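The primary structure of each chain is shown beneath.
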Amino acid sequence: MGHTFFFLLAILLLCPFLQSEYTQEMMSLSESKSVLTVSPSWLTPGALVTLKCEVQPPSAGWAFYWYKAVPDPTQKDYRYELLSDGINGTVEDFYIIHGQRNTAGYACRAEKANPDFFTHYSQPKFVWSADAHPAASLT
């Protein structure tokens, strides 16, 4: 009985410290943000495009999700469409798009599994096409 009492007492005394560590980690994570870079920013049709997502401040253990940023005029913002093969996220902080032909916007975000936390979407970055024959025109 004595050991059980001291065990329970120790757990009760440690709970505020454990909660404090959890709260500190959540506050630290809430300051994390995703920053996307694209390379190249100007491309020739059919080129490879590399997206790289960096979490600031840097820390380990993130999964990365990749999105197409589509202008949404009704919201004066962007709508984010998850790239089809990125549904479960990637461990790598980069993503390669093969055969890019047209101008497009991309964004990323990162997830930390324990505790479950997502960063906000990165600012969209654009890949500009030098295609002399675009798929659509304004005329």
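Residues numbered from 1 in each chain as written. Predicted model: local features only at pLDDT ≥ 70, side-chain atom pairs only at ≥ 80, totals over all residues. Heavy atoms only, no water.

The next subject is the overall build of the protein chain. Tallying secondary structure elements over the protein chain gives one helix and nine strands in all. Order of helices (α) and strands (β) in the protein chain, N terminus to C terminus: α-β-β-β-β-β-β-β-β-β. A total of 139 residues make up the protein chain; the buried ones form 30% of that total. Sequence-distant contacts in the protein chain: of pairs separated by 6 or more residues, those separated by 24 or more amount to 63%. On the protein chain, roughly 9700 Å² of surface is accessible, and the fraction owed to carbon and sulfur atoms is 61%. (Helix = DSSP H or I, 4+ residues; strand = E, 2+ residues; numbered from the N terminus. Buried < 20%, exposed > 50% of the residue type's maximum accessible area, 1.4 Å probe, protein only. Contact = heavy atoms within 4.5 Å. Areas by Shrake-Rupley, 256 points an atom, 1.4 Å probe, with all protein chains shown as cover.)

A few words on the state of the cysteines. Enumeration over the complete set of coordinates arrives at one disulfide. In this model Cys53 forms its disulfide with Cys108; the gap between the sulfur atoms is 2.1 Å. Its S-S torsion of about 75° marks the bond between Cys53 and Cys108 as right-handed, since a negative value means left-handed. Of this pair, Cys53 sits in strand S3 (residues 47-56) while Cys108 sits in strand S7 (residues 104-112), and the two are 55 residues apart along the sequence. (Disulfide = S-S within 2.5 Å.)

What follows concerns the sheet that holds strand S1 (residues 33-39). Read across the sheet, three strands follow the order S1-S3-S6 without closing on themselves; strand pairing throughout is antiparallel. Where the open sheet ends on each side, the last strands, each with one partner, are S1 and strand S6 (94-100). Sheet twist, expressed as the mean angle between neighbouring strand axes with direction ignored, is 20°. Sheet analysis places S3 next to S6, joined by five bridges and oriented antiparallel. Residue Ala47 lies in a different strand from S6, and its bridge partner there is Gln100. (Pairing = 2+ DSSP bridges. Axes fitted to C-alpha atoms, helices over the stretch in contact; angles between N-to-C directions.)

On to a nonpolar patch on the surface. A cluster of nonpolar side chains, Leu48, Phe94 and Ile96, forms an exposed patch at the surface whose accessible area comes to about 260 Å². Looking at Ile96, the relative accessible area reads 36%, which means it is partly exposed. (Patch = residues over 30% accessible without salt bridge, like charges linked within 9 Å, V, L, I, M, F, W, Y side chains within 5 Å. Salt bridge = Lys/Arg side-chain N within 4 Å of Asp/Glu carboxyl O.)

Attention now goes to the pairing of strand S9 (residues 125-129). Where strand S2 (residues 42-43) lies against S9, two bridges are found, and the strand directions are parallel. Directly across from Leu43, in S9, lies its bridge partner Ser129. Note: S7 against S9, three bridges, orientation antiparallel. Residue pairing across strands places Gly105 opposite Phe126, the latter belonging to S9.

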